[in-house]
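Structural description and commentary
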Amino acid sequence: MSNLSVNRVFPALFLSYTAGYIVLFIWTLFFPSAVVLPTFQLEAAFITSFILFIDFLIPIHCTGILIAYSLVIPSRRAGYKSIQISQFHKIVSPILVLFLFLTGVYTVTIIWFEPMAHQNLMEKESKTRIARVLHDKAKEAYNRENGPEARYYNKAALFVVSTYEEARKLEEKINNMNDNGREIPFNEKKEKLEEFQPRGEFTLDQLVDLAGRYMKNEDYYSAYYYADMALNIDGTNLKARTIANESLSKIRSIGLSEEEEKKRKYYKEKEEAYVALSNNNLIKAYYTFVDLKKQDPKDPDVIKYLDISRQQVSKIAFFKDEVADVAVLPGKEGILFINQNTKEAMEIIYIDKMVNIENNFYFKDLEVLKFLKNGYLLYHYKAPYGKYIYVAQKDENAPRHYININAIDRTDQSKNTKLQFYSGSLAGSDFKNIIQIKPNAVDMQYLSVERIPPRQMGFNELISFGLAKPFSNPQPIEEYGFSKREMDMEILLRCLYPFSFFILSLFSISAGWFFRSRYAIRPPIATLIIIPLFPIVTHFLVTLYHLVFRTVFGLTILTAGLEMSMIIGGCTQIVILMIALFILAGQAAE
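Reading guide: rules and limits
Each chain carries its own residue numbering, running from 1 in the direction its sequence is written. Where totals are concerned, whole chains, interfaces and linings use all residues; where local detail is concerned, this predicted model gives features only for residues with pLDDT of at least 70, and gives and counts side-chain atom pairs only at 80 or more. Values reported for side chains reflect all heavy atoms of the structure, with hydrogen atoms and water molecules removed beforehand. Comment: elements are numbered from the N terminus, with helices defined as DSSP H or I runs of at least four residues and strands as E runs of at least two. Each residue gets one of three labels from its accessible area relative to the maximum for its type: buried under 20%, exposed over 50%, partly exposed in between, using a 1.4 Å probe on protein chains only. Should any heavy atoms of two residues lie within 4.5 Å, those residues are considered in contact. Each helix should span, by expectation, one fewer than its residue count multiplied by 1.5 Å. Pairs of N or O atoms are called polar contacts if they sit within 3.5 Å, as long as, within protein, a hydrogen donor faces a hydrogen acceptor (for residues adjacent in sequence, only side-chain-to-side-chain pairs). Buried Ala, Val, Leu, Ile, Met, Phe, Trp, Tyr and Cys residues that are joined via side-chain atoms within 4.5 Å together make up what is termed a nonpolar core. Patches draw on residues past 30% relative accessible area with no salt bridge. Two like charges within 9 Å are joined, as are two nonpolar side chains (Val, Leu, Ile, Met, Phe, Trp, Tyr) within 5 Å. Methods summary: accessible areas were calculated by the Shrake-Rupley approach with a probe of 1.4 Å, and residue burial reflects only the protein chains presented. Definition used for salt bridges: Asp or Glu carboxyl oxygen within 4 Å of a side-chain nitrogen of Lys or Arg.

On to the overall build of the protein chain. From N to C terminus, the protein chain includes 16 helices and 9 strands. Relative to its full complement of 590 residues, the protein chain shows a buried share of 44%. Considering only contacts in the protein chain between residues 6 or more positions apart, those separated by 24 or more positions represent 72%.

Note: α-helices contain 3.6 residues per turn, so residues at a spacing of three or four share the same orientation. When the terminal C-alpha atoms of helix H7 (residues 204-216) are compared, their 19 Å separation across 13 residues agrees well with the 18 Å that a helix rising 1.5 Å per residue should span. Among the residues of H7, Leu207, Val208, Leu210, Ala211, Gly212 and Met215 are the ones counted as buried. Positive backbone phi, approximately 65 degrees, marks Glu218, located one or two places after H7.

To continue, consider the side chain of His61. Relative to the helices and strands, His61 resides in helix H3 (residues 57-72). Here the side chain of His61 touches Ser505 through a polar contact of 2.6 Å, side chain to side chain. If we skip the residues at most four places from it in the chain, His61 touches Leu13, Tyr17, Phe99, Leu102, Phe501 and Ser505.

What follows deals with the nonpolar core. In terms of nonpolar packing, the biggest core is built from 43 residues, with Val9, Leu13, Tyr17, Tyr69, Phe99 and Ile509 touching the most fellow members. Core analysis: the second largest hydrophobic core is formed by 41 residues, Val302, Ile308, Val313 and Phe319 among them.

To continue, consider a nonpolar patch on the surface. A cluster of nonpolar side chains, contributed by Leu533, Ile536, Val537, Phe540, Leu541, Leu544, Leu547, Val548 and Val552, occupies part of the molecular surface with about 820 Å² of accessible area. Summarising the element assignment, Val552 is placed in helix H16 (residues 533-588). Residue Val552 is classed as partly exposed on the basis of its relative accessible area, which comes to 36%.

Summarising the element assignment, Asn406 is placed in the loop between strand S6 (401-404) and strand S7 (407-408). Under the relative-accessibility criterion, Asn406 is labelled buried at 13%. Along the chain, Asn406 and Ile316 lie 90 residues apart, while their C-alpha atoms are 7.2 Å from each other.

If you want it as structure tokens, here you go:
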């Protein structure tokens, strides 16, 4: 009986799986998703049908078992007197091995592959949404006969989805436009930084020596510049003081030509830039050195200190061209969380979009609100861009995660972004365009208003988010706008599904065995007609089974917490498993 059972059950299950997936795939083809572009439709149909197949797998699986044991495996009453069915272990043992194997496959699928499918589908939906917005802007610009703007947005749409058919058609129309406007380059190559290796800081002796040599060559401006730099290091250095006084006296004693006046101003700017850099006025120093480099691109001092100031500025600001592609790249949208929540005040942060560019996280359109618990609004402002910063700290409790909202132009200070205040201000505070945040950039993807729902999380993510510390600087996840009960419920249900798969398999064997056919050749037509009802009935029963446990788990979580609910749930499943085995043993002993 064991060989007969396995040999006939497995093909019946395979046919049930195949038929179930085909029906679901055809359903997704007839009712395609309007959320994704046509170019993604076929792939989306495969992914969606796979997700639906996993959602309905237990009913499909139970249907296959019912068919196998009721119609495929014969009964003694059908004339197969030689079949020995009185020995329980001969029937159950091989089937248990088969179902344990299938349960393992099902567990791996719901833990790994189903969440991957959900995230793949969400990525295609995100790309579709961005590409359509960009394409609409391109069409609007085309209708206004603004060729450069239309080209920019259309190229951006094709950058997001290269197979976007409507964008390709519009590209042909735009290329046929006769306009004199300059084409706006998309994803323009960033300015290549100077490949300059800093020579290191000048020592006091080097500065005095340089000042002396310039003095001998009667270059009094350079002599004074380096002598003054030396005095900034050691104000008591007699030689530097002498050179500075003599060179300054020479400058004052001679009439300045236009070229000499220009040179004097140039060195004066160099001095101001150096002083600004020394005083940690990094933004002013950087733009002054940028201006000096335009005046004299070969000045080694300017090249050196421009590079140094650029490195220093990157610690307190970032360049706008770093975020040039944030608008067109796919990312997480609508991130919303409570950043600070004390007895006195609460701070809420909303981020329109977060994008990962070359392992750096950038943000677009950030809004920050802070108000007292009595309702008084302290401030409400908006920043166009932000960049995530991680600061390593020896103290585990020290803050580590920040958002820099100081986006500056690489060459023109007048184009630097400014905060837009709707209410209040940050005047008088120690705010330096840096926002301290609790979650890190990776955790922020779960804070999206279009966040990955618990059902679509990988099991590792679900456990680490629901059971372990959810953030690097953790606080209760309710403080971020999450429902811990929802996370706990999903963890319990995710643990329940493999048990359900195996236990309901055993109940299906008993049900199929009890209603097995008495006919040796084929069952009557009436019996065959009701076979399509099997999936409907099993789906209803499986849904009812899970609904009961969802209700029980919900009550135990509310009253006893997650840990006790897991213990109660585990004990309950063991009891039900034993009942299923006893019922199966009773059926097999007929």
